[in-house]
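# Observations on the three-dimensional arrangement
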Amino acid sequence: MNKEILDLVTKIFTFLKLEDYTKLTNILSMIEKEFPNYYKYFEKFKDKSMGEKASDILSNVFDSLTLGGSPLALLGKKAENEEKEKETISQKNILKNGIKGILKNYSDSSEEKRFLEFLSEKL
């Protein structure tokens, strides 16, 4: 795997680790089965540090806090979530375009090309 592809896939997995850890672990499980030669490069992303786990738990707790049956974070939180969703979609599109740019360089069907097509589809 060349450095350009390795860097792009590392960016994708870092993004998924921050935004959608469940999707990341599902993709890594599929890579382990379908692309075992590539899994060794990315298995480090499967581990979640204790700090990240604690952060996720605290985030869920704060999101569920209520006062008198009403959520503490009202419309501001909804607008913040909508903005974050737009940003996430934008970032996914940038990453997918990066994959498409690399795929233009492949004329033959290779394992690398199949791997990138798989990743683009799953992202």
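Predicted model only: the values in this text are computed from it and were never measured.

Helix and strand counts for the chain stand at 6 helices and 2 strands. Ordered by position from the N terminus, the helices and strands of the chain form the series α-α-α-α-β-β-α-α. Burial statistics for the chain: of 123 residues in total, 28% are counted as buried. Put simply, 67% of the contacts in the chain that link residues at least 6 apart link residues at least 24 apart.

With that settled, the discussion passes to the nonpolar core. Counting residues in hydrophobic clusters, the biggest one holds 27 residues, and the most contacted among them are Ile-12, Phe-13, Phe-115 and Leu-116. Counting residues per element, the ones that place at least two in this core are α1 (3-19), α2 (21-34), α3 (36-42), α5 (75-103) and α6 (111-122). When residues of this core are assigned to their parent elements, the largest contribution, 7 residues, is made by α1. Those residues in contact with Leu-116 that lie beyond four places of it in its chain are Ile-5, Val-9, Ile-99, Ile-102, Leu-103 and Tyr-106.

Another point: the packing of aromatic side chains. Going through the model one piece at a time under the given rule, you end up with 8 aromatic pairs. Ring geometry for Phe-13 versus Phe-45: centroids 5.7 Å apart, planes at 70 degrees, classification edge-to-face. Placement of the pair is Phe-13 in helix α1 and Phe-45 in the loop between α3 and α4 (50-64), with a sequence separation of 32 residues. When sorted by exposure, Phe-13 lands in the same class as Phe-45, which is buried. Ring geometry for Phe-35 versus Phe-118: centroids 5.4 Å apart, planes at 50 degrees, classification tilted.

Rules of the game
Residues numbered from 1 in each chain as written. Predicted model: local features only at pLDDT ≥ 70, side-chain atom pairs only at ≥ 80, totals over all residues. Heavy atoms only, no water. Helix = DSSP H or I, 4+ residues; strand = E, 2+ residues; numbered from the N terminus. Buried < 20%, exposed > 50% of the residue type's maximum accessible area, 1.4 Å probe, protein only. Contact = heavy atoms within 4.5 Å. Core = buried A, V, L, I, M, F, W, Y, C linked by side-chain atoms within 4.5 Å. Phe/Tyr/Trp six-rings, centres within 6.5 Å; stacked < 30°, edge-to-face > 60°.

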